[in-house]
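What follows is the residue order along each chain.
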Amino acid sequence: MAKDERPLELTPELILSAYAQGIFPMAESREEDELFWLDPEFRGVLPLDGFHISRSLRKTILREPFQIKIDTDFAGVIEGCADRAETWINTPIFSIYMDLFHAGHAHSVEVWDGKELVGGVYGVTLNGAFFGESMFSRRRDASKIALAYLVSRLNAGGFKLLDTQFLTPHLESLGGVEIPRASYRRALRDALSEKANFLRQPLTVSGHQVCT
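If you're wondering where the values come from, they're calculated on a predicted model, not measured in any experiment.

Undergrad: Could you give an account of the pattern of salt bridges, with specific residues and numbers?
TA: One pass over the structure, following the stated rule, counts six salt bridges. In this structure, Arg-138 and Asp-83 form a salt bridge, with 3.6 Å as the shortest nitrogen-oxygen distance. One end of the pair, Arg-138, is in the loop between strand E8 (129-137) and helix H5 (142-157); the other, Asp-83, is in the loop between helix H3 (74-82) and helix H4 (91-102), and 55 residues separate them in sequence. Overall, Arg-138 belongs to the partly exposed group, its relative accessible area being 39%. Judged by relative accessible area, Asp-83 falls into the exposed class, the value being 55%. Two residues, Glu-116 and Arg-139, come together in a salt bridge whose shortest N-O distance is 2.9 Å. Of this pair, Glu-116 sits in strand E7 (residues 116-126) while Arg-139 sits in the loop between E8 and H5, and the two are 23 residues apart along the sequence. Residue classification places Arg-139 among the partly exposed positions, given a relative accessible area of 28%. Each of Asp-39, Arg-181 and Arg-185 takes part in one network of salt bridges that share partners.

Scoring rules and cut-offs
Residues numbered from 1 in each chain as written. Predicted model: local features only at pLDDT ≥ 70, side-chain atom pairs only at ≥ 80, totals over all residues. Heavy atoms only, no water. Salt bridge = Lys/Arg side-chain N within 4 Å of Asp/Glu carboxyl O. Helix = DSSP H or I, 4+ residues; strand = E, 2+ residues; numbered from the N terminus. Buried < 20%, exposed > 50% of the residue type's maximum accessible area, 1.4 Å probe, protein only.

What follows is the structure, given as C-alpha cells:
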C-alpha cells in the first residue's frame, strides 16, 4: 500500500482528479487533521453484475421494512459512518465530501425507520464510476439493504464500476472481489469513458425491482 503523508488543501476538483488517477484520501483518525493519499496494491471492487443477495436478505428486501431515500440526509450518512470507536472520517474529510455533494458529485442511499436514519452508504460519482466511501447500519441488514439499492441504481444509471477501496469479509459475502492495481486502473479507465446518471432511476423503487 503506497502512502504519501502530507498536509492537503482539499478542493472538490483535487479529489475528483485524484479519483480519476486511482487514488483517494484518508486520515489516521478523527482526531488527526492531516490526510494522506492511498493507492492500494490490491483494490476492492463489487462487480455490478455479481452482487450476491442471500435468500434471507432477499426476503427482507421484498418485505420492505424500511423506507429508502436518496440524498435527503447526506451529512447524516457521513455522521453515521463516523459513529464508531475508530474512524478515518475527520473534519476535513467531512467538509470536502459535503462540498462534493453540493457540487453533485457525491450521493447517499439512506435507510430510514420512520423518522430515524438507521443505515446508509455514500460515495462519489465520476462518469461511469462510483467510488464507495463508507456505509453504516443501526438495524439488522440496513447496510446490506442500502448496498442492494445502490447496486440497482448504478445498474439503472449505466455505471460500470463500483469501487469499494478495500475488500472486507462483509463485502466479500456480497460478491466483492479484490483485483490488482493494474486491473483496477484498466477498469477505471473504461468506466471513466462512459457517461452515467445516478439519478436516472426513479427516487422510489420497490424491493421487487431491486431483487430482479
